[in-house]
Amino acid sequence: MLRYGLIKGRPKTAADRQARVTEILRGLDKMYPDVTCALTHRNPWELLVATILSAQCTDKRVNEVTPGLFKKYPTPTDFAAVKPEVLAQDIRSTGFFNNKSKSIVGAAKRVTTEFGGEVPRTMDELLTVPGAARKTANVVLGTAYGIAAGVVVDTHVTRVSRRLDLTKQSDPVKIERDLQKIIPEKKWILFSHQIIHHGRALCVARNPKCVACLIEPICYAKDKTWSSTEK
Ligand code: SF4
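Along each chain, numbering runs from 1 in the same order as the chain's sequence is written. Since the coordinates come from a predicted model, pLDDT governs what is reported: local features require at least 70, and pairs of side-chain atoms require 80 or more to be given and counted, while whole-chain, interface and lining totals use all residues. Only heavy atoms go into the side-chain values, all of them from the structure, while hydrogens and water stay out.

Caption draft 1: How the structure looks around the layout of surface pockets. Think of a 1 Å grid over the protein atoms and nothing else: a 1.4 Å probe that fits but is trapped marks a cavity, an open set flanked by protein within 12 Å on at least five of seven lines marks a pocket, and residues with an atom within 4 Å of a point count as lining. Grid points are joined across faces, edges and corners, and a volume is the space filled by probe spheres set on the points. Approximately 430 Å³ is the volume found for the largest pocket. In terms of lining, the largest pocket is formed by 20 residues, of which the most central are Asp59, Asp154, His156, Ile196 and Arg200. Those elements that provide at least two residues to the lining of the largest pocket are helix 8 (134-145), helix 9 (155-163) and helix 11 (188-201). Counting from the N terminus, the helices are DSSP H or I runs at least four residues long and the strands are E runs at least two residues long. The element that contributes the greatest number of residues to the lining of the largest pocket is helix 11, accounting for 5 residues.

Caption draft 2: Looking closely at the packing of aromatic side chains. Only rings of Phe, Tyr and Trp enter the pairing, Trp through its six-membered ring, and a pair is recorded when the two centres are within 6.5 Å. The plane angle decides the type: under 30 degrees is stacked, over 60 is edge-to-face, the rest tilted. The full count for this structure, using the stated rule, is 3 aromatic pairs. Between phenylalanine 70 and phenylalanine 79, the ring centres sit 6.1 Å apart and the planes meet at 65 degrees, which makes this aromatic pair edge-to-face. The same class applies to phenylalanine 70 and to phenylalanine 79, which are both buried. Ring plane angle 45 degrees and centroid distance 5.1 Å describe the contact between tyrosine 73 and phenylalanine 79, whose orientation is recorded as tilted. Working definition: with a 1.4 Å probe on protein chains only, accessible area under 20% of the residue-type maximum means buried, over 50% means exposed, and in between means partly exposed.

Caption draft 3: Examining empty space enclosed by the protein more closely. Overall, the coordinates contain 2 cavities of 30 Å³ or more when judged by the stated rule. Size it by volume and the largest cavity reaches roughly 130 Å³. Contributing to the lining of the largest cavity are 14 residues, with His198, Cys203, Cys210, Cys213 and Cys219 lying nearest its centre. We call Asp, Glu, Lys and Arg charged. Ala, Val, Leu, Ile, Met, Phe, Trp, Tyr, Cys and Pro are nonpolar, and the rest, Gly among them, are polar. A per-class count over the lining of the largest cavity returns 9 nonpolar, 1 polar and 4 charged. Forming the boundary of the second largest cavity are 13 residues, of which Asn138, Gly142, Val152, Ile189 and Ser192 lie nearest the centre. Mapped onto the lining of the second largest cavity, the elements with two or more residues apiece are helix 8 and helix 11. The residue makeup of the lining of the second largest cavity, split by class, is 7 nonpolar, 6 polar and no charged.

Caption draft 4: Fine view of the environment of proline 67. Residue position: proline 67 is located in helix 3 (residues 59-72). By relative accessible area, which is 51% here, proline 67 ends up exposed. Between the C-alpha atom of proline 67 and that of threonine 40, which follows or precedes it by 27 residues, the distance is 8.6 Å.

Caption draft 5: Quick peek at the site of the ligand. Think of it this way: one heavy atom of a residue within 4 Å of a molecule or strand is enough to make that residue near it. Every residue lining the ligand is accounted for by Arg163, Leu164, His198, Cys203, Cys210, Cys213, Glu216, Cys219 and Lys224. Under a 2 Å grid-point criterion requiring more than half of the atoms, the pocket assigned to the ligand is the largest cavity. Across the shell around the ligand, the residue classes tally to 5 nonpolar, 1 polar and 3 charged. For a cavity or pocket, the test is whether more than half of a molecule's atoms lie within 2 Å of its grid points; if they do, the molecule sits there.

Caption draft 6: How the structure looks around the pattern of salt bridges. Counted as salt bridges are all cases of a side-chain nitrogen of Lys or Arg within 4 Å of a carboxyl oxygen of Asp or Glu. For the structure on display, the rule yields 12 salt bridges. For arginine 42, the salt bridge goes to glutamate 46, with nearest N and O atoms at 2.6 Å. Residue classification places arginine 42 among the exposed positions, given a relative accessible area of 66%. Residue glutamate 46 is classed as buried on the basis of its relative accessible area of 3%. We note a salt bridge from glutamate 216 to lysine 224, for which the minimum N-O separation is 2.8 Å.

Caption draft 7: View of unusual backbone geometry. Even without a glycine there, the phi angle at glutamine 56 is positive, about 55 degrees. Inspection of the secondary structure puts glutamine 56 in the loop between helix 2 (44-53) and helix 3. Since its relative accessible area comes to 68%, glutamine 56 is described here as exposed. With a phi angle near 50 degrees, asparagine 207 is a residue other than glycine that sits in the positive phi range. Note that asparagine 207 resides in the segment after helix 11. Residue asparagine 207 is classed as exposed on the basis of its relative accessible area, which comes to 60%.

These values are about where atoms sit, not about what they do.
Pasting the structure below:
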């Protein structure tokens, strides 16, 4: 049951701040009860490749490219054997294809030589895989393995978390640290998906659709486009 309006304005105490976070989480659950990663994949390796491809590219475009890509290169061993300049042509339409192909071939080599062909299951190991920085590692661990190692911080999570005053930071590592402190660990995976979804659906970069946002009454973002609480 939602209890919007319980925390009016900016919370002043730590208890109020946490109560407001709880309200935000309730609102997200109500708006996006079972969202998940929009990148189509059949296993952790495919999700890793799709996530690398999704940098500066829409999930829709990635999903158009990956079925043919995984048909051509079914396993990490197949990717490890291809020359990056050849792979670059296969993924051209996702943009930044030279860098992405180097990352993917590098990741395939690392996964096959060091991890027996399986994407590793820990943050520390994943961070040694080319192309897998914290954001990518959190996506793979959370979505493919159900392991809550952290919170995914992408452009949407950055913007929405700042608007909701869940962080004042702009560096992704610091934002993640702030979110980990206030979001219960058991919600990290779902929260990441919900905020990304919210950033795409309503809390868009320009002219957020606040009139349709269930957490609007407890949002005091400066660039809100509508308010139910103003006199
Ligand atoms: S009220 Fe507007 S700015 Fe605040 S979270 Fe909702 S959509 Fe974003």
